[in-house]
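# Coordinate analysis (summary)
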Amino acid sequence: RSTLEELVHLSRDLGDPRNDYVILGEGNTSAREDDETFWVKASGTALAAADAGSFVQVKSRKILALLREHSPGDETVRRMLMDARIDRTTSKTPSVEAVLHAVCLELPGIHFVGHTHPTEVNSITCSSFFEKALDGRLFPDEIVVCGPSPLLIQYVDPGVPLALEIEGQVQAFLQNHGEPPRTIWMQNHGLVALGSTAHQVRNVTAMARKTARIIRGTYAMGGPHFLTASEVERIHTRPDEHYRKRLLDEKPIPPPDQE
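Summarised in this report is the structure supplied together with it. Numbering of residues starts from 1 in every chain and runs along the sequence as written. Totals for whole chains, interfaces and linings use all residues, but because this is a predicted model, local features are given only for residues with pLDDT of at least 70 and pairs of side-chain atoms are given and counted only at 80 or more. Side-chain measures were taken over the full set of non-hydrogen atoms in the model, leaving aside hydrogen atoms and water.

## Some remarks on the packing of helix α1 (residues 3-15) against helix α9 (residues 198-218)
To keep things clear, this is the line we draw: In this analysis, axes come from line fits to C-alpha atoms, helices being fitted only over the stretch in contact, and the angle between any two N-to-C directions falls in the range 0 to 180 degrees. Note on conventions: DSSP H or I runs of at least 4 residues are helices, E runs of at least 2 residues are strands, and numbering of each starts at the N terminus. Here roughly perpendicular refers to angles of 65 to 115 degrees, roughly parallel to angles under 35, roughly antiparallel to angles over 145, and oblique to all remaining angles. By the definition used in this description, the sense in which the near helix is turned from the far one sets the handedness, with an anticlockwise turn below a right angle giving left-handed and a clockwise turn giving right-handed. By definition in these notes, contact holds between two residues if any of their heavy atoms fall within 4.5 Å. Ten residue types, Ala, Val, Leu, Ile, Met, Phe, Trp, Tyr, Cys and Pro, are classed as nonpolar, four, Asp, Glu, Lys and Arg, as charged, and the remainder, Gly among them, as polar.
Viewed as axis vectors pointing N to C, α1 and α9 meet at an angle of 15 degrees, and their least axial separation amounts to 10 Å. Comparing the axis directions of α1 and α9 gives the class roughly parallel. In terms of crossing hand, the pair formed by α1 and α9 is right-handed. Two secondary-structure elements touch here, α1 through E6, H9, L10, D13 and L14 and α9 through A198, V201, R202 and T205. Grouping the constituent residues of the contact of α1 with α9 by class yields 4 nonpolar, 2 polar and 3 charged.

## Quick look at the pattern of salt bridges
The condition is simple: When a carboxyl oxygen of Asp or Glu lies within 4 Å of a side-chain nitrogen of Lys or Arg, that pair is called a salt bridge. Each residue is assigned to one of three classes by its accessible area relative to the maximum for its type, calculated with a 1.4 Å probe on protein chains only: buried under 20%, partly exposed between the two thresholds, exposed over 50%.
All chains considered together, the criterion is met by 11 salt bridges. A salt bridge links R137 to E142; the nearest nitrogen and oxygen atoms lie 2.9 Å apart. For the pair formed by R137 and E142, the shared burial category is buried. Residues joined in a network through salt bridges with shared partners are K62, D83 and R88.

## With respect to the packing of aromatic side chains
Inclusion rule: Think of it this way: a Phe, Tyr or Trp ring, Trp meaning its six-membered ring, pairs with another when their centres are within 6.5 Å, and the plane angle makes it stacked under 30 degrees, edge-to-face over 60, tilted otherwise.
Counted according to the given criterion, the structure contains 1 aromatic pair. Considering the side-chain rings of F129 and Y219, the 5.3 Å spacing of their centres and the 55 degrees angle between planes classify their relative orientation as tilted. With a gap of 90 residues between them, F129 in the loop between α5 (119-125) and α6 (130-133) and Y219 in the loop between α9 and α10 (229-237) connect regions that are remote in the sequence.

Shown next as structure tokens:
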């Protein structure tokens, strides 16, 4: 399948009501087409009903140029987003989060990005325990699928300000961990899942949702008991876990049953 076809299927999966990742027009997705362009969801479209016409191909360089603008106003942002389109005849507007996607797609090995608002995830990101509840890893499969650590972002105005904050934070994460984050948890906002494939984004999103449910459950039993740093590192570097991760990336985790 083409990159756009993969993105359409990923978007429909993330928008499936059974998953409770998004409702209405929430969330957005993107995929790198080549070294200079990527596809991103157009504003006003719904993930659940995504088709090829739901996306706009844009020039990465022009989207990233917004990061260098000094406090651009809403009209400047809209004009620069429209100017970044490959097809200048379309009336579709790239999502305002296109800048966030451009930042993530510049990271090594990242080719697909899924931004969602799962209810269980947001019950944590919107709580006063946001940072405390996500201060460690809880179980091996969380590490295998979502990496050794999440990236946490305190609330920032969506759009260019959020993309700027994430740009700085992901570079620090790269220096500390030697690899990009697989999940970005944004306070009072939602989740970003990053992957080399569409399957990986599906799996990361599904595992993050399960993690959120487990975290919520631990607070009924005294709070989360995090694995130690050495225990996390052991799981993250085990050859058998690397092998299992490769298999999981090839075959997505099935969506949860309707609840």
